[in-house]
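The chain contents come next:
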Amino acid sequence: MAEKIAVVESFLSCHVCSETFRDPVSLGCNHSFCSSCLQTFWEQSKNTNCPICKRKSSKGLVVNFALKELSDSFAERQEAGSSETEKGEKKKVEVVCSKHPEEPTLFCKDEERAVCPVCEFSLHQGHEVVPVEQAVSELKDLLKSDLESLQDKRDKYKGVETTYKEVIQVSEKQLLSTERQIRAEFIKLHQFLKEEEESRLAALREEEEQKGKTISREMKSIQEHISSLSHSISAVEEELQKHNGPFLSSYKATQSRARVQSSLADPQLLPGALTDVAKHLGNLSFRVWEKMKDQVHFSPVLLDPNTAHSRLYLSDDLTSVRRGDKHQQLPDNPERCTKYASVLGSEGFSSGRHSWEVEVGDHPHWFIGLTKESADRKGERRASPKYGIWCLSHSDGEYSNGAGETVTVEKNLQRIRVQLDYDRGEVSFYDPEHMTPVCTLRDTFTEKLFPWFGIGAAADAKTADIKVCQSEIPL
């Protein structure tokens, strides 16, 4: 039976493509071919000779419908039989050419597939064809590069995951510290303010819950990306272990998946992940003053702990800062100053006039002024208007206006008044004792400005803290 099928298959096969006829045509010499195969052969050979006997033939071709009907019927039976065989048992597939019963020893770069020498001669003339071994080596090198890209991407996601874990730890500490301070304030305001106290705590808890959900979503997304990248890395590593044939038959899909994931945008930390401590603690007593009708303390500027350098320690009421000897374990969130020991105020200004006083005592190294919101907090920069900082600085008895100019004062400044006129583009500094002008910086402001403080080591000075002074309650 098998011999009869082989004979029929031979009779119904095109001598050019070696497959069952598709739209067969017969020449005057009685040799038959697929219509498209014969046309391609004639175009390549630049004549109309029969591919077998070389006899010249006419270009006017007519489909042999009788032979077509036989070929189509045979092809359908072969497909049905092949399908049943695949369902019945799994057979080992030999890697052979899709056109001829030959082992493919060459690789066509133009069509990106393995071919046999017969294909190369008849169908791939003019294409870039190289030995399979060379192609496999080159393709594996490309896939290794994709693997490195995947591994680098996974490392970046792991880095962001680590930072988020630090954010969670610090946020938990902030929650406990903020809750303790809120309770202390409300104890001072007596029992009848209990409702107000619980209201503030509820707001804090709600914010923490919302930010916790946001961080959880981001963490879940990051972990999913890490898992997906890890699976892709494993798939690429497994692909690289395959032999030539299996590798060539499946590397494309693996490479496509790997490159899609490699093109993912790098993970970024969301700003505002930490608890907004300043919102809950800032001027807390003053904000309940309208209900209390009693004397409270007010600070015109509050420091933002989420922007503080890891060596800076802030007071519980967020009005003073000192430089410590050791770095604190704080996350590198987008708002934080990491290059220099500085901290920003919690609120910025984009119009109007504002002023506050800072007590510096005999501290030997400090910077006091304002910075624009977009100023670099992570990299190299100087305390000058060029870098978006307008300040007065002091170092070992010498004063500078931040623009490279020395400032002369009649006596060492113990307290400094900072005054901003945003609309006129002026930042001025005064000795508040007699409102003696120290210096004025002029510029054009185009974005929000924040109070800015930089502090060096106190050494043997009596004053270790730079402190924002209390002010009269504004009406």
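Structure: see above.
Residues numbered from 1 in each chain as written. Predicted model: local features only at pLDDT ≥ 70, side-chain atom pairs only at ≥ 80, totals over all residues. Heavy atoms only, no water.

**Examining the overall build of the protein**
Counted only if it meets this: Numbered from the N terminus, helices here are DSSP runs of H or I no shorter than four residues, and strands are runs of E no shorter than two. When accessible area is computed with a 1.4 Å probe and restricted to protein chains, residues below 20% of their type maximum are described as buried, those above 50% as exposed, and intermediate ones as partly exposed. Residue contacts follow a heavy-atom distance rule, with two residues in contact if any of their heavy atoms lie within 4.5 Å. Note on areas: Shrake-Rupley with a 1.4 Å probe; residue coverage comes only from the protein chains shown.
Looking only at helices and strands, the protein features ten helices and 18 strands. By the burial criterion, 41% of the 475 residues in the protein qualify as buried. Considering only contacts within the protein whose residues lie at least 6 apart along the sequence, 63% involve residues at least 24 apart. As displayed, the protein offers around 27,400 Å² of accessible surface, 48% of which is attributable to carbon and sulfur atoms.

**Here we look at the packing of aromatic side chains**
Selection rule: Two aromatic rings, drawn from Phe, Tyr or Trp (for Trp, its six-membered ring), form a pair once their centres lie within 6.5 Å of each other, and the interplanar angle then sorts them: stacked below 30 degrees, edge-to-face above 60, tilted otherwise. By the criterion adopted, a ring carries a charge over it if an Arg CZ or a Lys NZ lies within 6 Å of its centre and within 35 degrees of its normal.
Scanning the model with the defined rule gives six aromatic pairs in all. On the numbers, 5.3 Å between centres and 20° between planes, the contact of Phe247 with Tyr251 is stacked. With Phe247 and Tyr251 both in helix α7 (residues 244-262) and four residues apart, the pair spans about one turn of that helix. Residue classification places Tyr251 among the buried positions, given a relative accessible area of 3%. On the numbers, 5.1 Å between centres and 80° between planes, the contact of Trp390 with Phe445 is edge-to-face. Pair noted here: Trp390 is in strand β11 (residues 389-395) and Phe445 is in the loop between β16 (436-442) and β17 (449-455), with a separation of 55 residues, a long-range link. In textbook terms, an aromatic cluster arises when at least three aromatic residues are bridged by ring pairs, as seen for Trp390, Tyr422 and Phe445. Here the guanidinium or amino end of Lys140 rests over the ring plane of Phe247, the centre of that ring lying 5.5 Å away. The positively charged end of Arg322 is found above the aromatic ring belonging to Tyr313, 4.9 Å away from the centroid.

**Some thoughts on α7**
For clarity, the threshold we go by: The bend reported for a residue corresponds to the angle between axes fitted to the seven residues ending at that residue and the seven starting there.
The axis of α7 is deflected most strongly, by about 50°, at Ser250. Three or more residues of α7 are buried, namely Phe247, Leu248, Ser250, Tyr251, Thr254, Gln255, Ala258, Gln261 and Ser262. Those residues of α7 hidden inside the fold are in contact with β3 (106-108), β4 (113-115), α5 (132-188) and α6 (194-240).

**Points about the sheet that holds strand β14 (residues 415-421)**
Rules: A pair of strands is labelled paired if DSSP reports no fewer than 2 bridges between them. Lines are fitted to the C-alpha atoms to define the axes, a helix being fitted only along its stretch in contact, and any angle between axes, read from their N-to-C directions, falls within 0 to 180 degrees.
If you walk across this open sheet you meet the seven strands as β6-β7-β18-β9-β14-β15-β16, and the pairing is antiparallel. Of all the strands in the sheet, just β6 (312-314) and β16 have a single pairing partner and so form its edges. Sheet twist, expressed as the mean angle between neighbouring strand axes with direction ignored, is 20°. Examined bridge by bridge, strand β9 (residues 353-359) and strand β18 (residues 465-468) share two bridges and lie antiparallel to one another. Note that in β18 the partner of Glu359 across the bridge is Lys467.

**Describing the packing of α5 against α6**
Defined as follows: Orientation labels follow simple angle bins: below 35 degrees gives roughly parallel, above 145 gives roughly antiparallel, 65 to 115 gives roughly perpendicular, and whatever is left gives oblique. By definition, any crossing whose near helix is turned counterclockwise from its far helix by less than a right angle is left-handed, and any crossing with a clockwise turn is right-handed. For this classification, Asp, Glu, Lys and Arg are treated as charged, while Ala, Val, Leu, Ile, Met, Phe, Trp, Tyr, Cys and Pro are nonpolar and the rest, including Gly, are polar.
α6 packs onto α5 with a crossing angle of 165° between their chain directions and a minimal axis gap of 9 Å. Between α5 and α6, the crossing angle belongs to the class labelled roughly antiparallel. Between α5 and α6 the crossing geometry is left-handed. Taken together, the residues of the contact of α5 with α6 sort by class into 21 nonpolar, seven polar and 19 charged.

**Focus: the sheet that holds strand β10 (residues 365-372)**
Hydrogen bonds between backbone atoms are what pair the strands of a sheet, whose relative direction is either parallel or antiparallel. Judged by pairing direction, the sheet is antiparallel, and its six strands sit side by side in the order β8-β17-β10-β11-β12-β13 without closing on themselves. Pairing within the sheet leaves two strands with one partner each, and these edge strands are β8 (342-344) and β13 (406-407). Note: β10 against β17, seven bridges, orientation antiparallel. Across the sheet, the residue bridging to Trp366 is Ile455, located in β17.

**Some points on the nonpolar core**
Selection criterion: We call a set of buried residues a nonpolar core when its members are Ala, Val, Leu, Ile, Met, Phe, Trp, Tyr or Cys and they connect through side-chain atoms within 4.5 Å of each other.
Membership of the largest hydrophobic core comes to 34 residues, with the highest contact counts inside it found for Ile368, Leu392, Ile416, Phe429, Phe453 and Ile466. Every element with two or more residues in this core is listed here: β9, β10, β11, β14, β15 (426-431), β16, β17 and β18. Core analysis: the second largest hydrophobic core is formed by 29 residues, Phe107, Val160, Val236 and Leu269 among them.

**Focus on α5**
Filter applied, for reference: Here, expected helix span is obtained from the residue count minus one, scaled by 1.5 Å.
End to end, α5 covers 83 Å across 57 residues, agreeing with the expected 84 Å (1.5 Å per residue, within 8%). Of the residues flanking the end of α5, it is His190, one or two places downstream, whose phi is positive at about 75°.

**Some thoughts on the pattern of salt bridges**
For the record, the criterion: Here a salt bridge means any side-chain nitrogen of Lys or Arg lying within 4 Å of a carboxyl oxygen belonging to Asp or Glu.
Under the defined criterion, the tally for this structure stands at 23 salt bridges. Two residues, Lys109 and Glu138, come together in a salt bridge whose shortest N-O distance is 3.0 Å. Taken as a pair, Lys109 in the loop between β3 and β4 and Glu138 in helix α5 lie far apart in primary sequence, 29 residues in all. Judged by relative accessible area, Glu138 falls into the partly exposed class, the value being 31%. Here Arg353 and Asp421 are joined by a salt bridge, their closest N and O atoms 3.9 Å apart.

**Quick word on the pairing of β11**
Burial analysis of β11 places six of its seven residues in the buried class, which makes it a mostly covered element. Inspection of the sheet shows β10 paired to β11 by seven bridges, in the antiparallel sense. Within the sheet, the bridge partner assigned to Trp366 lies in β11 and is His394. Bridge analysis of β11 against strand β12 (residues 398-400) gives three bridges, and the strand direction is antiparallel. Pairing of Ser393 across the sheet is with Ser400, part of β12. Where β11 folds back on β12, the antiparallel hairpin that results is connected by two residues, among which Asp396 adopts a positive phi of roughly 50°.

**Describing unusual backbone geometry**
In the Ramachandran plot, Lys46 falls in the positive-phi region, its phi being about 60° despite a non-glycine side chain. Residue placement: Lys46 occurs in the loop between α2 (35-45) and α3 (65-88). Positive phi values are uncommon outside glycine, yet Asp396 reaches one of about 50°. Inspection of the secondary structure puts Asp396 in the loop between β11 and β12.

Distances and angles like these do not, on their own, reveal function.
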